[in-house]
Amino acid sequence: MAGAGHGTKAVVAALLANLGIAAAKFVGFLVTRSGSMLAESVHSVADAGNQALLLLGGRRARRAPTPEHPFGFGRERYFWAFVVAIILFSVGGMFAVYEGIEKLRHPHELSSTGVAIGILVFGIVVEGLSLRTAVVEADKVRDKQAGWWSFIRHSKSAELPVVLLEDLAAELGLVLALVAVSVSSITGDPVWDAIGTLVIGVLLVVVAVVLAIEMKGLLIGESASTADQERIVAAIEVEPSVRRIIHMRTQHIGPDELLVGAKVELVPDLTVAEAAEAVNRVEDTVRRAVPAARMIYIEPDIFRTPTPGPDSPAHLASEDREAGTSEPETDPDGAEDRAAPSPG
C-alpha cells in the first residue's frame, strides 16, 4: 500500500519538472510557431496544475474527522485525482486534438526548428528524471510479483498512479513532438507537425480515460486487497474465543485508511465481559497485521445455516429428489384384478 510520503515526493518532483519544461516549451512555441510545441506547452501547464491539485488533495485529506464527516476526509485524495483526469482530458488532450485539426486545415511552415529540437531534448531529459523519481517511489510500495499495469489498476494510492501515467504520457508526447518537428523540418511539410499534435492529443485522452476509470472505482469505494483481507481473516481466526467468521466487509476510505466490519461467532459460555475482551483482542491483532485498518467494527453473533427459500435452486432440487424417490401410488383393487387369472 502506497504511503503518503512516497506519493508526495513523486508529485513535488513532477511539479518542479513541469514548471521548468512548460516555460521552455512556450519559448520554443513563440520562436517556431509549432503546433506540436504548443500542444506540449499546454500539456506541461496542465500537468503542473494537476500536481498542485494532488498536493491540495493530500493536505485536505489530513483534516481531522468531524461530526458531519465521522470517517474523515481521506477520499478527498481520490476526488482531486479524478479532477486531474478531467483536466488532462479537456485542457491537455482535447486542446491538442483541436490544435492538430486546425494545423491540418491551415498548415504553415515552421521556423527555427533547431531551437524547438533543443528545447524538446531538454524536456525529454528533465521529464525522464521526473519519471525515474516516480518509478523509484512506486517501486518501494508495489508488489514485486505483479507488473506495473497491475500496480496502476489495483493501487489504493491516488498520487503514484496519476504521476506515473502523467510522466509517461509527457515523455512519450515529447518524443512524438520531437519526431514530428524533425520530420517536418526534413521534408518541409508542416502536415507532419499537425499529425504529431493529433497523436499527442489522442495519447493524453487515453491516459485521462484510464485515470478517470481508476479514480471512479476508488471514489465509489473499493475493498482491501486480497493479501490484506487474508491477513485480516488470519488475525481474527487466531483468537481462541472466535469459533468462526460469519461474514466480513472491508472498504478503503482513503489510501492508507481501511474500514473493517465483521460478524463473528464466539465460543459459547462467555460472559459479557469476556466477549468484550475477546473483541478488543481481535481489533488489536487486526491493527497489528494491517496498520491501515484504523476503523474496525466486530459484532458477535450466532451462526445460522441459511434456510433455502421456496424458489431457491437448493429447495427446488430437494423437491425433485423427493419426487424421484417416492413410491408410486397403487390401486389395490386394480392390482388384484390384474393378478386374477382370466377365465379359460
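Residues numbered from 1 in each chain as written. Predicted model: local features only at pLDDT ≥ 70, side-chain atom pairs only at ≥ 80, totals over all residues. Heavy atoms only, no water.

Undergrad: So what's going on with the overall build of the protein chain? Which residues, and what values?
TA: Check the secondary structure of the protein chain and you find eleven helices and three strands. Each helix and strand of the protein chain, ordered N terminal to C terminal, gives the series α-α-α-α-α-α-α-α-β-β-α-β-α-α. A burial count over the protein chain gives 43% of its 344 residues as buried. Long-range contacts, defined here as pairs at least 24 residues apart, represent 75% of the contacts in the protein chain between residues at least 6 apart. Accessible surface, the protein chain as shown: approximately 17900 Å² in total, 62% of it carbon and sulfur. (Helix = DSSP H or I, 4+ residues; strand = E, 2+ residues; numbered from the N terminus. Buried < 20%, exposed > 50% of the residue type's maximum accessible area, 1.4 Å probe, protein only. Contact = heavy atoms within 4.5 Å. Areas by Shrake-Rupley, 256 points an atom, 1.4 Å probe, with all protein chains shown as cover.)

Undergrad: Tell me what's going on with the pattern of salt bridges, and back it up with residues and numbers.
TA: Inspection of the entire model under this criterion finds 18 salt bridges. Across the pair Glu222 and Lys156 runs a salt bridge whose closest N-O atoms are separated by 2.8 Å. Here Lys156 lies in the loop between α5 (148-154) and α6 (159-187) and Glu222 lies in the loop between α7 (191-220) and α8 (226-237), a separation of 66 residues in the sequence. Among the ionic pairs, Arg244 bridges to Glu265, the shortest N-O distance being 2.8 Å. Within this pair, whereas Arg244 is found in strand β1 (residues 242-254), its partner Glu265 is found in strand β2 (residues 257-266), the two being separated by 21 residues in sequence. (Salt bridge = Lys/Arg side-chain N within 4 Å of Asp/Glu carboxyl O.)

Undergrad: How would you sum up α6? Please name residues and give values.
TA: For α6, built from 29 residues, the straight-helix expectation of 42 Å at 1.5 Å per residue is met to within 8% by its first-to-last C-alpha distance of 41 Å. Looking one or two places after α6, you find Gly188, whose phi comes out positive at around 75°. (Expected span 1.5 Å × (residues − 1).)

Undergrad: Lay out the nonpolar core in plain terms, naming residues and giving numbers.
TA: If you look at the biggest cluster of nonpolar residues, it comprises 46 residues, and the most contacted ones within it are Leu54, Leu120, Phe151, Val162, Val163, Val207 and Leu211. Counting residues per element, this core draws most heavily on α6, at ten residues. With sequence-adjacent residues up to four places away left out, Val163 is seen in contact with Ala10, Val11, Ala14, Leu54 and Ala134. By size, the runner-up hydrophobic cluster in this structure holds 20 residues, among which are Ala224, Met248, Val264 and Val286. (Core = buried A, V, L, I, M, F, W, Y, C linked by side-chain atoms within 4.5 Å.)

Undergrad: Describe in detail the pairing of β2, supporting the description with residues and values.
TA: Across the ten residues that make up β2, a large majority, eight, are buried. Note that β1 and β2 share ten bridges and pair antiparallel. Counted as the bridge partner of Gln251 is Leu259 from β2. Connecting β1 to the antiparallel partner β2 that follows it, the hairpin turn spans two residues. Of the strand pairs in this sheet, β2 and strand β3 (residues 293-301) are connected by eight bridges, and their pairing is parallel. Counted as the bridge partner of Leu259 is Met295 from β3. Between β2 and its parallel partner β3, the chain crosses via helix α9 (residues 272-289), and the hand of that crossover is right-handed. (Pairing = 2+ DSSP bridges. Right-handed = clockwise from strand over helix to strand, strands pointing away.)

Undergrad: Break down the sheet that holds β3 for me, citing the residues and quoting the values.
TA: On the basis of which strands lie adjacent, the open sheet formed by three strands has the order β1-β2-β3 and mixed pairing. Of all the strands in the sheet, just β1 and β3 have a single pairing partner and so form its edges. Neighbouring strand axes in the sheet, compared pairwise and without regard to direction, differ in orientation by 15° on average. Across the sheet, α8 lies against β1 and β2, angled at about 145° from β1, the strand it touches most. (Axes fitted to C-alpha atoms, helices over the stretch in contact; angles between N-to-C directions.)

Undergrad: Account for unusual backbone geometry, naming residues and giving values.
TA: Backbone geometry follows two general trends: most residues other than glycine have a negative phi, and most peptide bonds adopt the trans configuration. Notably, Asp269 is not glycine yet its phi reads approximately 70°, a positive angle. By the secondary structure assignment, Asp269 is in the loop between β2 and α9. By relative accessible area, which is 76% here, Asp269 ends up exposed.

Undergrad: Account for the packing of aromatic side chains, with residues named and values stated.
TA: Overall, the coordinates contain two aromatic pairs when judged by the stated rule. Taken together, a centroid distance of 5.0 Å and an interplanar angle of 75° make the contact between Phe79 and Trp80 edge-to-face. A relative accessible area of 18% means that Trp80 is categorised as buried. Between Trp148 and Phe151 the ring centres are 6.1 Å apart and the planes differ by 85°, which places this aromatic pair in the edge-to-face class. (Phe/Tyr/Trp six-rings, centres within 6.5 Å; stacked < 30°, edge-to-face > 60°.)

Undergrad: Requested: an account of the environment of Ala61, with residues and values cited.
TA: One can find Ala61 in helix α2 (residues 35-61). Residue class for Ala61 comes out buried when judged on its relative accessible area of 12%. Setting aside residues up to four positions removed in sequence, Ala61 forms contacts with Phe73, Gly74, Glu76 and Arg77.

Undergrad: Could you give me a rundown of the side chain of Ser41, with the residues and numbers involved?
TA: Within the secondary structure, Ser41 sits in helix α2. Here the side chain of Ser41 touches Phe26 through a polar contact of 3.4 Å, landing on its backbone nitrogen. Ser41 has contacts with Ala22, Lys25, Phe26 and Phe29, leaving out every residue within four places of it along the chain. (Polar contact = N/O pair within 3.5 Å; in protein donor to acceptor, adjacent residues only side chain to side chain.)

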